[in-house]
Amino acid sequence: MVSPLTLKLLRDLRGRLGSLAALVLIGALGVASFGGFDSVYRDLEAARNRFYADYRLADFSISLKRAPERVLSELARLEPVVAVEGRVRIPARLELTGVDEPVQATAISLPSPPRPVFNDVFLVKGSWFEDSSGRQALVNDAFARAHKLRPGDRFRAVIMGEQHELVVAGTVMAPEFVYVLPPAGGIVPDPSRTAVIFLPHRALQQWADLDGACNEILGRVHDPRKAPLKATLSLLEDKLDPYGVMISIPMSEAPSVQFLENELQELQRSATILPVICLAVVAFVLHVVLGRIVASQRTFIGTVRALGYSRWQVMGHYLGYALAVGMATVVVGLSFGSWIQGAMVGLYRNFYELPGLTPHPYPQVMLKSALAGVLAPLLGTLREAWTASSLAPASAMRPPPPERGGRVFLEWLIPGIWKHFPFSIKLILRAVLRNPYRSLVTFATTFVATALMVESLCMLRAVDAMIAHEFSISSRQDVSVGLREPAGRGLLQELVSLPQVARVEPQLAVSCTLSNGPYEKRVGVTGMTAGHVLYRPVDSRGEEVPLPEEGLVLSRKLAEVLHVQPGDRVRLRPLIGRRQVVEAPVAALADTYVGLAAYARLEYLSRLLGEEWVANSVLLSTYHRDPGPSLLQELNRRPYVLGAERRVRALTLLQDTIGRNLGVFFGILVLFTGGLAFGGVLNTALVSLAEREREIGTFRVLGYTKTEIMGIFAGESYLVNTLGVLFGIWGGVVFTRSVVDLYSTELFRLPELIEPHVLMRSGLLMMGFISLAMLVVYGVLARTRWLEVFKTRE
Amino acid sequence: MKQSLLEVKNVSKIYQMGEVQVPALQDADLEVREGEFLVILGPSGSGKSTLLNLLGGMDRPSGGNIRFQDQDLTRASDSQLTSFRRHNVGFVFQFFNLVPTLTALENVQVATQIARQPMDPLQALRMVGLENRADHFPSQLSGGEQQRVAIARALASNPRLLLCDEPTGNLDSTTGRAVLRLLWDVNRKLNMTVIIITHSQPVARMGHRAASLRDGRIVSLTENKEPIPPEEIEW
């Protein structure tokens with residue numbers, strides 16, 4: 001049989017269904033983000049670890065000009081090395097019938113028939129190569145899906161200027177290409193224009209003029225920790241020096257591996273911040289609500305205690321409110337969380353080529369988030385339940401001691417001014433200052449919601465500004481052309497004579513190691529000629545940073561990594577050419593938000609390489625902002641062109657991908673913060689209204705209209721909430737700064753953009769949400785049967 | 001013959017309590033005269049508070065007709081009733097209903113702030129003998145003092161009609177008598193119409209007239225040729 005106390009609890013809950021439901025929703029958001037994000041994290045991490053392990057991701061890779069295969073066995077004998085394998089990796093251009101723009105691709109050799117020792121591929125569709133002739137290729141699955149390519153379909157690949165007819169043998173996913181970025185630079189995948197193709201080792205060796213040799217070495221070491229691995233790589237670089245080492249990196253620094261790791265870290269952060277805020281709000285609000293319930297049920301408590309119910313039964317009864325809210329929170333939260341998990345894993349499957357990435361249930365995560373969902377309301381109401389259980393039967397029957405009057409500190413502080421305040425202002429100020437706890441909860445909720453709102457809007461603006469900075473202010477070319485081999489002045493003449501082309505500027509990008517004492521970084525140094533306008537290093541305000549005749553301009557983050565400032569000198573060692581180490585002065589700093597960058601005059605850079613006036617890419621400006629595919633086709637027909645890309649396309653892709661995803665993410669956050677403010681304000685205002693229903697009744701009797709009364713009672717709410725919004729804007733600025741710092745990695749950064757109009761808009765939006773809540777409160781006030789309050793005895 | 005202020009004709013009030021209809025007042029006829037001291041008498045549940053609420057424009061009757069001079073309260077809108085209370089009625093409650101976070105003076109200002117021709121709030125407190133307690137909060141005042149503040153608040157807006165619902169119900173006899181004296185003075189000196197509801201039979205002797213209610217009906221209406229001041233009343 002259900003006990004009468006339980007029945008009463010159920011009926012009480014039913015009577016407060018509306019306000020409790022609002023609370024449950026906030027709590028459910030917390031439980032959902034806790035469980036959902038943590039589950040996504042586990043799904044992604046497990047799929048990644050499994051893929052890396054099963055398909056033998058190497059510990060390092062070394063690219064070089066040409067190393068004879070016999071050198072591999074020498075390397076394998078080195079003590080720290082477990083095994084090495086050589087392969088060919090070379091840029092390619094693909095041409096598909098019906099696709100007017102060429103596809104930039106990376107061609108990689110795979111042994112046939114034995115599987116590679118490292119960086120094996122997972123066959124999604126089709127089969128392995130039938131022979132080593134090079135008729136067949138494996139293509140990465142995302143590219144195949146983007147063009148609906150199936151095993152048996154044909155396409156052309158231009159490798160080292162020669163065209164090869166290829167048949168798709170199968171589609172694959174590769175552990176080193178989980179996140180495939182366009183080779184020309186870019187921070188979002190473009191599967192329709194970027195491909196990775198795998199070809200039989202012997203065939204690719206021939207096509208790349210690497211018979212009996214390789215240009216990339218993969219390997220595994222006994223101790224893969226960072227420092228020993230770096231030491232081993234130095235050792236290997238020395239051994240391979242005669243073969244023209246270009247770059248050697250631990251696999252953990254490969255772009256795809258880094259992106260995935262970054263994403264996992266972000267998921268972990270999301271799984272912490274949001275739940276803590278939501279559950280704290282639930283605990284706070286329920287604390288206030290139960291305090292009010294206990295105060296209004298003193299007679300009931302006295303009666304049941306007099307009838308012989310134990311204090312523990314009373315305490316249990318009141319904790320039942322929290323338990324009910326907690327359980328509803330958990331049910332809604334877990335279902336919402338599993339929806340978040342499904343949706344996010346689905347989103348990741350579009351971005352990542354990762355086999356076995358499916359949502360799995362994690363009982364321990366569910367248990368953990370369920371526990372948090374129940375514990376938060378219980379902790380919030382422990383004190384009130386204890387107070388209820390501690391009431392002695394006799395004193396519980398008596399009305400609670402009357403509310404204390406008395407002065408608030410403002411009256412002592414500014415007696416002269418206070419005297420002139422109308423009673424309504426005094427009423428508001430006293431109500432705020434006499435209920436510090438209630439005011440604090442309201443303040444804290446609005447503060448947190450506003451800070452989150454400011455941060456969301458500032459970050460959205462920052463993303464826009466970042467895209468504008470990188471793609472409009474810094475880069476102003478319409479087409480960028482990558483060259484297969486460094487070329488001289490003659491080439492520019494040829495390009496400028498092409499139809500549509502208005503201006504041509506050469507660029508020379510050279511991989512270099514920059515170092516300053518113990519600090520070392522390998523970056524691409526970009527050389528530009530005097531009078532360059534199509535690409536300019538700029539500072540955060542968009543002002544051009546001029547290039548010195550001698551020396552470098554570094555991106556701010558690179559300077560930070562190297563611990564240098566303008567005026568300092570860095571050691572610069574090019575990874576191609578004569579590789580002579582020189583000391584270069586740091587002339588100035590520029591701001592970039594993607595990767596690390598260094599700039600120099602092209603003439604200076606080519607002198608360092610020991611060659612005169614060479615460029616390995618060319619920027620074009622055209623008479624139309626978007627020259628369309630015809631110019632690109634024209635460019636791609638030339639054998640010296642590795643690939644050409646329209647800036648409009650890169651920009652559109654970036655805006656689409658980032659804009660859409662961040663838009664959705666921050667849109668949810670804005671709604672969430674609005675919901676938090678709305679729910680928080682509504683809950684505390686309703687509590688305040690219930691506590692003061694007698695005052696409201698009195699005002700009504702005295703002839704105050706509903707609007708006049710609302711003015712007085714809303715005043716309290718507006719005062720505290722306005723303070724919450726104002727301080728929240730300040731908190732949001734601080735929060736935005738710390739998030740910008742947090743997201744400032746070598747790979748990707750966001751500008752710290754705090755604009756007055758964004759702060760104003762956040763503030764106004766929050767006031768809008770607050771006013772919406774007050775409108776609901778007004779509805780409640782208007783429906784209150786104020787005459788009833790005089791019929792009940794205190 | 002004094003002029004009629006309020007006219008109640010054939011008024012009834014039925015409350016819907018869940019699924020049951022509870023008749024709180026039936027076929028009530030009453031005329032309230034300008035400047036009179038009217039006592040409404042009756043035991044708990046007899047319908048006297050219901051009648052008072054109807055007279056004060058706090059509620060609308062289910063049937064019948066109530067007029068305040070030219071104004072029909074029966075069909076008045078919510079805002080018309082609010083305006084009626086604001087400008088014509090002062091209320092005194094059994095439980096004082098002072099705003100606990102306002103001082104005595106500020107509680108009076110609650111009424112004067114919205115009145116058309118209010119008294120000076122301090123003068124209202126002076127009338128009830130509490131000018132030196134003006135800065136005290138309700139929790140710092142005795143029950144009698146709180147009720148006097150409530151009376152000051154009711155008077156301060158210069159209403160035509162003062163309605164008192166069991167004004168002594170929560171006070172000891174000495175304090176209660178003092179409060180009744182105050183109401184007596186208000187009636188005599190300010191010529192304000194005062195209606196008191198009480199369940200105490202002796203109080204009826206203070207009034208010019210006394211109406212008795214039982215089970216929702218006015219069972220008698222007696223005229224007092226010589227009302228006696230509260231000090232002479234036997235409790």
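Residues numbered from 1 in each chain as written. Chains lettered and ligands numbered in written order. Predicted model: local features only at pLDDT ≥ 70, side-chain atom pairs only at ≥ 80, totals over all residues. Heavy atoms only, no water.

Novice: Help me out: how do you make sense of the overall build of chain A in this one?
Specialist: Of regular secondary structure, chain A possesses 23 helices and 20 strands. Looking at the 794 residues of chain A, the share that counts as buried comes to 55%. Summarising the internal contacts of chain A: among those between residues at least 6 apart in sequence, 81% fall at separations of at least 24. For chain A, the exposed surface amounts to about 34,200 Å²; the carbon and sulfur share of it is 60%. Mean positive and mean negative side-chain charge positions of chain A (82 and 72 charges, respectively) differ by 11 Å. (Helix = DSSP H or I, 4+ residues; strand = E, 2+ residues; numbered from the N terminus. Buried < 20%, exposed > 50% of the residue type's maximum accessible area, 1.4 Å probe, protein only. Contact = heavy atoms within 4.5 Å. Areas by Shrake-Rupley, 256 points an atom, 1.4 Å probe, with all protein chains shown as cover. Lys, Arg positive; Asp, Glu negative; His and termini not counted. Charge placed at Lys NZ, Arg CZ, Asp CG, Glu CD.)

Novice: In this structure, what is going on with the overall build of chain B? I would like to understand it.
Specialist: When you go through chain B residue by residue, the secondary structure sums to 6 helices and 10 strands. Taking 235 residues into account, the globule formula puts the C-alpha radius of gyration at 18 Å, and chain B, at 17 Å, falls close to it. If one aligns the C-alpha atoms of chain B with their principal axes, the spans along those axes are about 45 × 40 × 40 Å. With 235 residues in all, chain B has 59% of them scored as buried. Of the contacts made within chain B by residues no fewer than 6 positions apart, 69% connect residues no fewer than 24 positions apart. Carbon and sulfur atoms form 44% of the exposed surface of chain B, whose accessible area is close to 9,800 Å². Each charge class in chain B was averaged separately, 25 positive and 26 negative side chains, and the resulting centres sit 3 Å apart. (Rg over C-alpha atoms; globule rule 2.2 N^0.38 Å.)

Novice: Which parts of the structure should I look at to understand the domain arrangement of chain A?
Specialist: Note: interface size is frequently given as the accessible area lost on complex formation between the parts. All names here are of chain A. Assigned domains of chain A: these are domain 1 (53-259), domain 2 (435-476 + 647-794) and domain 3 (479-623). One C-alpha centre belongs to domain 1, the other to domain 2; they are set 50 Å apart. Contact with domain 1, which involves 9 residues of that partner, is made by 8 residues of domain 2. Of the roughly 730 Å² buried between domain 1 and domain 2, counting both surfaces, carbon and sulfur atoms make up 73%. For the pair domain 1 and domain 2, the number of links is 0 salt bridges. For the pair domain 1 and domain 2, the number of links is 0 residue pairs in polar contact (both at pLDDT 80 or more). (Domains from an automatic or database assignment. Buried area = accessible area lost by both parts, 1.4 Å probe. Salt bridge = Lys/Arg side-chain N within 4 Å of Asp/Glu carboxyl O. Polar contact = N/O pair within 3.5 Å; in protein donor to acceptor, adjacent residues only side chain to side chain.)

Novice: When you look at the interface of chain B and chain A in this model, what are you seeing that I'm missing?
Specialist: Each partner contributes residues to the interface: chain B has 27 residues there, and chain A has 31 residues. Roughly 2,800 Å² of surface becomes buried between chain B and chain A when both sides are summed, with 58% attributable to carbon and sulfur atoms. Connecting chain B to chain A are 5 salt bridges. Between B:D78 and A:R700 there is a salt bridge, and its shortest N-O distance comes to 3.2 Å. Scanning the region where chain B abuts chain A turns up 12 residue pairs in polar contact (both at pLDDT 80 or more). When residues of the side of chain B that touches chain A are traced back to their parent elements, those giving at least two are α2 (78-88) and α3 (104-112) of chain B. Its residues placed into classes, the side of chain B that touches chain A shows 12 nonpolar, 8 polar and 7 charged. (Nonpolar A, V, L, I, M, F, W, Y, C, P; charged D, E, K, R; others polar.)

Novice: How should helix α5 (residues 143-156) of chain B be read in this particular structure?
Specialist: Residue pairs spaced three or four apart in an α-helix point in one direction, given the helix's 3.6 residues per turn. Taking 1.5 Å as the rise per residue, α5(B) with 14 residues should run 20 Å; its terminal C-alpha atoms sit 20 Å apart, in good agreement. For α5(B), the tally of buried residues reaches 12 of 14 residues, placing the bulk of the element in the interior. Within α5(B) the residues assigned to the buried category are B:G144, B:E145, B:Q146, B:Q147, B:V149, B:A150, B:I151, B:A152, B:R153, B:A154, B:L155 and B:A156. In this structure, the buried side of α5(B) is in contact with α21 (693-701) of chain A together with β6 (89-92), α3, α4 (121-127), β7 (161-165) and α6 (173-190) of chain B. (Expected span 1.5 Å × (residues − 1).)

Novice: Would you take a moment to explain the environment of A:R785 for this structure?
Specialist: Structurally, A:R785 can be placed in the segment after α23 (756-783). For the pair A:R785 and A:S248, spaced 537 residues apart in sequence, the C-alpha to C-alpha distance is 78 Å.

Novice: I'm lost on the sheet that holds strand β11 (residues 245-250) of chain A in this one. Help?
Specialist: In any sheet, the strands associate via hydrogen bonds between backbone groups, in a parallel or an antiparallel arrangement. Residue and element names in this part refer to chain A. With antiparallel pairing, 4 strands are arranged side by side in an open sheet as β2-β10-β1-β11. A single partner strand is all that each edge strand has here, and the edge strands are β2 (81-87) and β11. When the angles between neighbouring strand axes are averaged without regard to direction, this sheet yields 25 degrees. Sheet topology note: the strand β1 (residues 60-68)/β11 ladder contains 5 bridges and is antiparallel. The residue of β11 that forms the bridge with F60 is P250. (Pairing = 2+ DSSP bridges. Axes fitted to C-alpha atoms, helices over the stretch in contact; angles between N-to-C directions.)

Novice: Sorry if this is basic, but what is going on with the packing of aromatic side chains here?
Specialist: The description of an aromatic ring pair uses the distance of the two centres, along with the angle that the planes make with each other. All told, the structure shown has 19 aromatic pairs over all chains when counted by the stated rule. Among the aromatic residues, those joined into a ring-pair cluster are A:Y179, A:F259, A:Y348 and A:Y352. Taking NZ or CZ as reference, B:R188 lies 3.6 Å from the ring centre of B:W184, over its face. (Phe/Tyr/Trp six-rings, centres within 6.5 Å; stacked < 30°, edge-to-face > 60°. Lys NZ or Arg CZ within 6 Å of the ring centre and 35° of its normal.)

Novice: Explain the nonpolar core to me, please; I cannot follow it from the model alone.
Specialist: A:L44, A:Y318, A:F699 and A:Y704 are the most contacted members of the largest nonpolar core, which totals 129 residues. With 18 residues, helix α7 (residues 255-296) of chain A is the single largest residue contributor to this core. There are two domains that each give this core at least three residues, and those are domain 1 (53-259) and domain 2 (435-476 + 647-794) of chain A. Excluding anything up to four places from it in sequence, A:F699 contacts A:F423, A:L427, A:Y704, A:I709, A:I712, B:V99 and B:V110. If you look at the next biggest cluster of nonpolar residues, it comprises 41 residues, including B:V92, B:V149, B:L155 and B:W184. (Core = buried A, V, L, I, M, F, W, Y, C linked by side-chain atoms within 4.5 Å.)

Novice: Would you take a moment to explain the pattern of salt bridges for this structure?
Specialist: Between side chains of opposite charge, pairing is possible as soon as their charged atoms come close. Evaluated as defined, the whole model comprises 50 salt bridges over all chains. Measuring nitrogen to oxygen at the nearest pair gives 3.5 Å for the salt bridge that ties A:K230 to A:E253. One end of the pair, A:K230, is in helix α6 (residues 226-240); the other, A:E253, is in the loop between β11 and α7, with 23 residues separating them in the sequence. With a relative accessible area of 27%, A:E253 lands in the partly exposed category. Of the charged contacts, one joins B:E7 and B:K9 as a salt bridge, the two residues approaching to 3.4 Å between their closest N and O atoms. Judged by its relative accessible area of 31%, B:E7 falls in the partly exposed class. Salt bridges sharing common partners tie together A:R87, A:R89, A:E176 and A:E216.

Novice: What's the story with helix α10 (residues 363-390) of chain A in this structure? I'm lost.
Specialist: Between its first and last C-alpha, α10(A) extends 38 Å over 28 residues, near the 40 Å set by a 1.5 Å rise per residue. By the largest-angle criterion, A:T381 marks the main kink of α10(A), which is about 45 degrees. (Bend = angle between axes of the 7 residues up to and from the residue.)

Novice: Is there a simple way to explain the sheet that holds β7(B) in this structure?
Specialist: All names here are of chain B. In space, the 6 strands of this open sheet follow the order β6-β7-β8-β3-β9-β10, with mixed pairing throughout. Only two strands of the sheet have a single partner each, and these edge strands are β6 and β10 (217-223). Pairs of neighbouring strands in the sheet enclose a mean axial angle of 15 degrees, with direction left out of account. Where strand β3 (residues 37-41) lies against strand β9 (residues 209-214), 4 bridges are found, and the strand directions are parallel. Its bridge partner being in β9, V39 is matched across the sheet by A210.

Novice: I'm lost on the environment of A:L210 in this one. Help?
Specialist: Within the secondary structure layout, A:L210 lies in the loop between α5 (201-207) and β10 (213-221). For the pair A:L210 and A:R87, spaced 123 residues apart in sequence, the C-alpha to C-alpha distance is 9.9 Å.

Novice: I'm lost on the pairing of strand β3 (residues 89-95) of chain A in this one. Help?
Specialist: A regular strand places its side chains on the two faces of the sheet in alternate fashion. All names here are of chain A. Where β3 and strand β4 (residues 103-110) come together, 6 bridges link them in antiparallel fashion. Looking at the pairing, R93 lines up with Q104 of β4. The sheet contact formed by β3 and strand β7 (residues 154-159) spans 3 bridges and is antiparallel. When the bridges of β7 are listed, R93 appears paired with V158.

Novice: Would you mind going over unusual backbone geometry with me for this structure?
Specialist: Peptide bonds are mostly trans, and most non-glycine residues show a negative phi. All names here are of chain B. Positive phi, normally seen in glycine, also occurs at F96, with a value near 65 degrees. One can find F96 in the loop between β6 and α3. Of note, N97 is a non-glycine position whose phi angle comes to about 55 degrees, a positive value. For N97, the location among the structural elements is in the loop between β6 and α3. Residue classification places N97 among the buried residues on the basis of a relative accessible area of 5%.

Novice: What exactly am I supposed to notice about the packing of helix α2 (residues 17-54) of chain A against α7(A) here?
Specialist: Two measures define how a pair of helices packs: the angle their axes make with one another and the distance between the axes. Residues and elements named next belong to chain A. Their axes nearest at 8 Å, the elements α2 and α7 cross at an angle of 160 degrees. By the angle between their directions, the pair α2 and α7 is classed as roughly antiparallel. Taken as a pair, α2 and α7 cross one another with a handedness that is left-handed. Residue classes in the contact of α2 with α7 are distributed as 24 nonpolar, 5 polar and 5 charged. (Parallel < 35°, antiparallel > 145°, perpendicular 65-115°, else oblique. Left-handed = near helix turned anticlockwise from the far one by under 90°.)

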